[in-house]
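The lines below spell out each chain.
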Amino acid sequence: MLKTFDTDVSAGLRSDSSSAPTFASGNLVLANQLQMRSGLLERLFREQSMRWFAVLAATELCLLLLAPWLAAQVRFYGDPEALHAALEVLPVRSAAFASVVWICMIALGMYQRHGREVSGVVIGTLTRLVLAMVGGALALMALYFMMPAVEVGRGVFTLSLGFAFMLLVASRLLFSSLTHGRRLRRRALFLEPGRKADALLINDRLEDNLRSAKIVGYVATQPPGSGQTGLDPARRIPLNVPLVNLAFNHRIDDIVVASDDLRGGLSMDSLMACRLAGINVLRLDTFYEREMGRVLLEGLRPSWFVFTGKFDRSVLRRFNKRVFDLLAATLILTLTWPLMLLVAMAIRLEDRGPALYWQTRVGEGGSEFTLVKFRSMRNDAERDGIARWASADDDRVTRIGRIIRKLRLDELPQLFNVLRGEMSMVGPRPERPQIVSDLKQQIPYYELRHSLSPGVTGWAQLRYPYGASVADAVEKLRYDLYYVKKQSLLFDLQILLQTVEVVLFRRGGR
């Protein structure tokens with residue numbers, strides 16, 4: 001079972017009242033002087049590193065708008081009249097071209113900070129880009145058939161795809177060289193790392209998974225061996241100057257307070273001086289959450305839930321989520337109902353059993369509802385009445401069931417649960433009551449995932465493969481709580497679009 005601690009951060013940071021005048025007259029002046037002498041331009045770029053994917057998305061949208069213009073210039077080179085006629089109608093057609101390809105790139109996770117690559121960063125990015133261009137081309141053909149007014153000629157269309165691909169490859173290479181280099185990665189300093197930080201850095205290899213930050217080293221006021229059990233001594237930075245000086249000397253952007261017990265040894269004055277000098281100060285769990293896209297369960301305190309600025313459960317949020325669910329479910333049902341009929345016929349033809357499968361699941365607030373899916377297992381899969389997770393190569397799964405599970409087609413009937421209000425399009429995966437009862441006994445805070453309606457897809461489903469054990473449930477809970485905290489309409493749309501990626505690369509289904 002995970003241990004929890006209920007230490008109060010405000011009580012944990014020592015502030016010597018007798019030093020307050022020194023802080024006001026000394027540390028504040030020192031912080032301002034160091035701020036003036038620091039590499040402000042370099043720090044400005046690193047300060048924006050968390051927003052580089054938004055900058056990349058806007059840049060590539062502009063490049064996609066440029067591609068048809070370049071294509072028209074090449075296609076009608078030497079024919080001024082034809083070029084003039086093409087340019088007159090190009091703005092609307094260029095916008096249609098760019099929007100469709102851009103949405104396909106979003107759907108394939110090309111702007112996701114916490115994305116997973118198929119086989120390495122370069123190959124994975126190129127694979128997604130090629131699929132986005134192919135998907136965009138097919139979607140544009142369908143759009144041109146329905147809306148001839150936005151259609152471009154075949155020559156311009158082909159050249160536009162070629163120019164778009166080359167521009168996007170160049171954009172990705174430049175972006176990769178910047179973000180995977182050192183100048184745009186935020187430089188982090190771990191302060192007073194304890195056993196929890198030790199485990200993350202050594203056992204979980206946290207640094208290998210960081211995309212936007214680099215851990216420069218760690219500062220510990222305690223002697224080696226008194227709290228750190230395995231951190232590399234060569235990375236220990238001696239605190240022989242004020243902390244704010246040390247931070248600027250090493251060009252630090254983030255000071256991560258990584259102590260297991262915040263009540264000892266940390267000076268509020270030193271941290272305040274760093275904050276006033278423009279250096280970000282954050283706790284280990286906040287740093288982990290920002291970088292990894294999941295919640296650090298170890299040492300999680302109730303105050304994390306109570307005092308966080310997220311967890312939007314306002315009336316407006318509930319309203320826009322319900323409207324989003326209704327529109328998305330209706331649209332997907334309209335587009336996929338012929339496919340659903342084919343799946344139902346295939347299931348019936350295989351073993352003459354029922355096409356649909358009803359099962360009790362746990363919904364919002366712990367209430368139970370009946371979930372409907374396409375049947376992918378034999379009729380006698382659970383003849384003893386005991387709930388079991390599906391395992392890899394489960395012999396209970398039928399031949400048709402194996403296909404529809406990989407493609408996630410078995411979940412399409414859940415759209416009717418969404419229309420009835422029992423489920424949402426995006427949310428934690430609904431589990432069976434018996435499994436939920438067991439997991440609540442073994443995993444702290446597990447019931448918090450039921451504060452929202454369960455989803456057809458979700459952040460955990462995108463970021464983690466199918467869970468078939470308590471350990472897997474713990475890992476998925478990290479992502480579920482991250483979604484519960486960060487949920488928004490834009491996040492829902494992003495997750496729904498990126499579900500396409502999961503289906504294409506056949507991840508997670510069993």
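Computed from a prediction, not measured in an experiment: that's the story for all the values here. (Residues numbered from 1 in each chain as written. Predicted model: local features only at pLDDT ≥ 70, side-chain atom pairs only at ≥ 80, totals over all residues. Heavy atoms only, no water.)

*Asks:* What exactly am I supposed to notice about the overall build of the chain here?
*Replies:* Counting secondary structure elements, the chain contains 19 helices and eight strands. Counting only residues that meet the buried cut, the chain has 48% of its 510 residues in that class. Considering only intrachain contacts with a sequence separation of at least 6, the fraction spanning at least 24 residues in the chain is 77%. As presented, the chain carries roughly 25,100 Å² of accessible surface, and 62% of it is formed by carbon and sulfur atoms. (Helix = DSSP H or I, 4+ residues; strand = E, 2+ residues; numbered from the N terminus. Buried < 20%, exposed > 50% of the residue type's maximum accessible area, 1.4 Å probe, protein only. Contact = heavy atoms within 4.5 Å. Areas by Shrake-Rupley, 256 points an atom, 1.4 Å probe, with all protein chains shown as cover.)

*Asks:* What exactly am I supposed to notice about the side chain of R294 here?
*Replies:* Counting through the fold element by element, R294 comes out in the loop between α11 (284-292) and α12 (302-307). For the buried R294, no salt bridge exists, and the shortest N-O distance to an oppositely charged side chain is 4.7 Å, to E475. Here the side chain of R294 touches Y288 through a polar contact of 2.6 Å, side chain to side chain. Of the polar contacts made by the side chain of R294, one reaches the side chain of Y479; its length is 2.7 Å. Each residue touching R294, except ones within four places of it in the same chain, is listed here: Y288, E289, R478, Y479 and Y482. (Lys, Arg positive; Asp, Glu negative; His and termini not counted. Salt bridge = Lys/Arg side-chain N within 4 Å of Asp/Glu carboxyl O. Polar contact = N/O pair within 3.5 Å; in protein donor to acceptor, adjacent residues only side chain to side chain.)

*Asks:* Any chance you could explain the pattern of salt bridges here in plain terms?
*Replies:* Pairs may arise between side chains of opposite charge once their charged atoms sit close together. Here the structure, examined in full by the defined rule, presents 18 salt bridges. Of the charged contacts, one joins E291 and R290 as a salt bridge, the two residues approaching to 2.8 Å between their closest N and O atoms. As far as the burial class goes, E291 and R290 line up, both buried. Of the charged contacts, one joins D351 and R375 as a salt bridge, the two residues approaching to 2.7 Å between their closest N and O atoms.

*Asks:* I would appreciate a short explanation of empty space enclosed by the protein in the present structure.
*Replies:* Summary: where empty space remains is shown by rolling a probe the size of a single water molecule over the atoms. This structure, assessed with the given rule, holds four cavities of 30 Å³ or more. Volume-wise, the second largest cavity comes out at about 110 Å³. K196, S259, R283, D285 and R301 are, among the 14 residues lining the second largest cavity, the residues nearest its centre. A per-class count over the lining of the second largest cavity returns six nonpolar, two polar and six charged. (1 Å grid on protein atoms, 1.4 Å probe; cavity = no way out; pocket = protein on both sides within 12 Å on 5 of 7 lines; lining within 4 Å. Points joined across faces, edges and corners; volume = space filled by probe spheres on them. Nonpolar A, V, L, I, M, F, W, Y, C, P; charged D, E, K, R; others polar.)

*Asks:* Explanation requested: the confidence of the model for the chain in the structure shown.
*Replies:* Caution is warranted with low-pLDDT regions, since their predicted coordinates should not be read in detail. In this model, the chain carries an average pLDDT of 80, and 77% of its residues clear a pLDDT of 70 or more. Mean pLDDT across the elements of the chain ranges from a minimum in helix α1 (residues 9-12), with 40, to a maximum in helix α15 (residues 414-419), with 96. Below pLDDT 50 for its whole length, residues 1-25 participates in 48 contacts with residues either more than four positions away or in separate chains. Low pLDDT, under 50, characterises residues 116-120; the predicted model gives this stretch 18 contacts beyond four residues in sequence or across chains. (pLDDT = per-residue confidence, 0-100.)

*Asks:* Which parts of the structure should I look at to understand the packing of aromatic side chains?
*Replies:* The relation between two aromatic rings is expressed through the spacing of the ring centres and the mutual angle of the planes. Per the counting criterion, the structure on display carries six aromatic pairs. Relative to F491, the ring of Y482 has its centre 6.3 Å away and its plane inclined at 85°; by these criteria the two rings are edge-to-face. Members of the aromatic cluster, joined through ring pairs, are W459, Y482, Y483 and F491. (Phe/Tyr/Trp six-rings, centres within 6.5 Å; stacked < 30°, edge-to-face > 60°.)

*Asks:* Teacher, can you tell me more about the sheet that holds strand β2 (residues 213-219) here?
*Replies:* Neighbouring strands of a sheet are bound in pairs by backbone hydrogen bonds; such pairs are parallel or else antiparallel. The four strands are arranged β2-β1-β3-β4 in an open sheet whose pairing can be described as parallel. Both outer strands of the open sheet, β2 and β4 (280-283), are each paired with one neighbouring strand and no more. Strand after strand, the sheet turns through a mean of 25° between neighbouring axes, direction not considered. Here four bridges tie strand β1 (residues 186-191) to strand β3 (residues 254-257), and the two strands are oriented parallel to one another. In the strand pairing of β3, L191 is matched with V257. (Pairing = 2+ DSSP bridges. Axes fitted to C-alpha atoms, helices over the stretch in contact; angles between N-to-C directions.)

*Asks:* Would you mind going over the nonpolar core with me for this structure?
*Replies:* The tendency in soluble globular proteins is for nonpolar side chains to be buried side by side. Judged by nonpolar contacts, the single largest core of 50 residues is most densely connected at L300, F374 and M425. One finds F53, A57, C104 and F157 within the second-largest nonpolar core, a separate group that totals 37 residues. (Core = buried A, V, L, I, M, F, W, Y, C linked by side-chain atoms within 4.5 Å.)

*Asks:* What am I meant to see in helix α10 (residues 268-276) here?
*Replies:* Since one α-helical turn is 3.6 residues long, residues separated by three or four positions face the same way. When we look at burial in α10, the residues that qualify are D269, L271, A273 and C274. Looking one or two residues beyond α10, the residue adopting positive phi is G278, at roughly 90°.

*Asks:* Can you walk me through the environment of Y446 in this structure?
*Replies:* Along the chain, Y446 falls in the loop between α16 (433-442) and β8 (455-457). Considering only alpha carbons, one finds Y446 and L481, 35 residues apart in sequence, at a separation of 9.0 Å. If we ignore the near neighbours within four places in the chain, the residues touching Y446 are E431, V436, L439, K440 and L477.

*Asks:* Whenever I open this one, the environment of G401 confuses me. Can you help?
*Replies:* Tracing the chain through its elements places G401 in helix α14 (residues 399-406). Sequence separation of G401 and E350 is 51 residues, and the distance between their C-alpha atoms is 9.9 Å. Once residues within four sequence positions are removed from consideration, G401 is found in contact with E350 and S376.

*Asks:* Would you mind showing me how to read the environment of E447 here?
*Replies:* By the secondary structure assignment, E447 is in the loop between α16 and β8. For the pair E447 and G366, spaced 81 residues apart in the sequence, the C-alpha separation amounts to 7.8 Å.

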